[in-house]
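A look at the structure
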Amino acid sequence: MLTEVPVEQRFDSLIKRLLDKSVIPLLGAGVSFGEKKEGEKQLANEIAVTNTMKCKVCKILNKEFVCEDPDDDENRSCDKLLGNLCEEFLWEEGRNGNLDGSYKKLVVDILEIDKFAELSICPAHRYISFLAREDLIEEVITTNYDNCLSRALEVTYRDRSEKAELISDLNQYRALSGKRYSENRQPLLKVYHINGSA
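Residues numbered from 1 in each chain as written. Predicted model: local features only at pLDDT ≥ 70, side-chain atom pairs only at ≥ 80, totals over all residues. Heavy atoms only, no water.

Right, let's talk about the pattern of salt bridges for a bit. A full pass over the atoms with the stated rule returns six salt bridges. Among the ionic pairs, E4 bridges to R10, the shortest N-O distance being 3.9 Å. Taking relative accessible area as the criterion, E4 reaches 71% and is therefore assigned exposed. Measuring nitrogen to oxygen at the nearest pair gives 2.7 Å for the salt bridge that ties R180 to E138. Highlighted residues: R180 in the loop between α8 (170-176) and β4 (190-193) and E138 in the loop between α6 (123-133) and β2 (139-142), separated in sequence by 42 residues. (Salt bridge = Lys/Arg side-chain N within 4 Å of Asp/Glu carboxyl O. Buried < 20%, exposed > 50% of the residue type's maximum accessible area, 1.4 Å probe, protein only. Helix = DSSP H or I, 4+ residues; strand = E, 2+ residues; numbered from the N terminus.)

This part covers the nonpolar core. Nonpolar side chains in soluble globular proteins generally cluster together in the buried interior. By size, the foremost hydrophobic cluster in this structure holds 16 residues, and its most contacted members are M53, V57, F89, L106, I110 and L111. Among the secondary structure elements, those contributing two or more residues to this core are α3 (46-61), α4 (82-93) and α5 (99-110). Tallying contributions element by element places α4 first for this core, with five residues. When residues no more than four places from it in sequence are discounted, the contact partners of L106 are V57, C86, F89, L90 and L111. I128, A132, V140 and L149 belong to the second-largest nonpolar core, a separate cluster that totals 14 residues. (Core = buried A, V, L, I, M, F, W, Y, C linked by side-chain atoms within 4.5 Å. Contact = heavy atoms within 4.5 Å.)

So, on to a nonpolar patch on the surface. Among the surface-exposed residues, F11, L14, I15 and L19 lie close enough to one another that they form a single nonpolar patch of about 390 Å² accessible area. Along the chain, F11 turns up in helix α1 (residues 7-19). (Patch = residues over 30% accessible without salt bridge, like charges linked within 9 Å, V, L, I, M, F, W, Y side chains within 5 Å. Areas by Shrake-Rupley, 256 points an atom, 1.4 Å probe, with all protein chains shown as cover.)

Our next topic: the packing of aromatic side chains. Going through the model one piece at a time under the given rule, you end up with one aromatic pair. Aromatic pair Y173 and Y192: ring centres 6.2 Å apart, planes at 55°, arrangement tilted. Taken together, the positions of Y173 in helix α8 and Y192 in strand β4 put the pair 19 residues apart, joining distant regions of the chain. Relative accessible area serves as the criterion here: at 42%, Y173 is assigned to the partly exposed category. (Phe/Tyr/Trp six-rings, centres within 6.5 Å; stacked < 30°, edge-to-face > 60°.)

Next up, the structure:
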């Protein structure tokens, strides 16, 4: 039988790992969803945003399970994953031979990924930036398209000549992933945008 580890012990273990530089934060959608656009009310919660995106793709694909109210958190009429619907969309659209145009239509027109650039920086982004500033973390992995972490790093690193290296494609990965120090021998933070750069 497993015994629960006391909170203090878990916290001490986390601090030790931070000091050993063996923590790599992974930021997913939960970090930014629920944040607001600059100067506006809350953007939306994760479920509502995902449902809205799924419904837009479903309508274009003429699926039977088109949502009636995508902003309703309880609306579960579409049981497909957003990623699967997007792949299906690209498969259908790509048949005409214009896959680049299909990607642009999906990312910009349907999913409106560009609006993620308007999200406010939240406390988690700031805390990770402060840890990076103190050279306690060397790498961050993010699945998010928003630029909240990048903006938080800019503010945090404002008086340092070195900036974080943002890695969003294979060439950048090959050139930078093994690099630990900048040209000035400062520790180098690498931020991996594993979805690519919007």
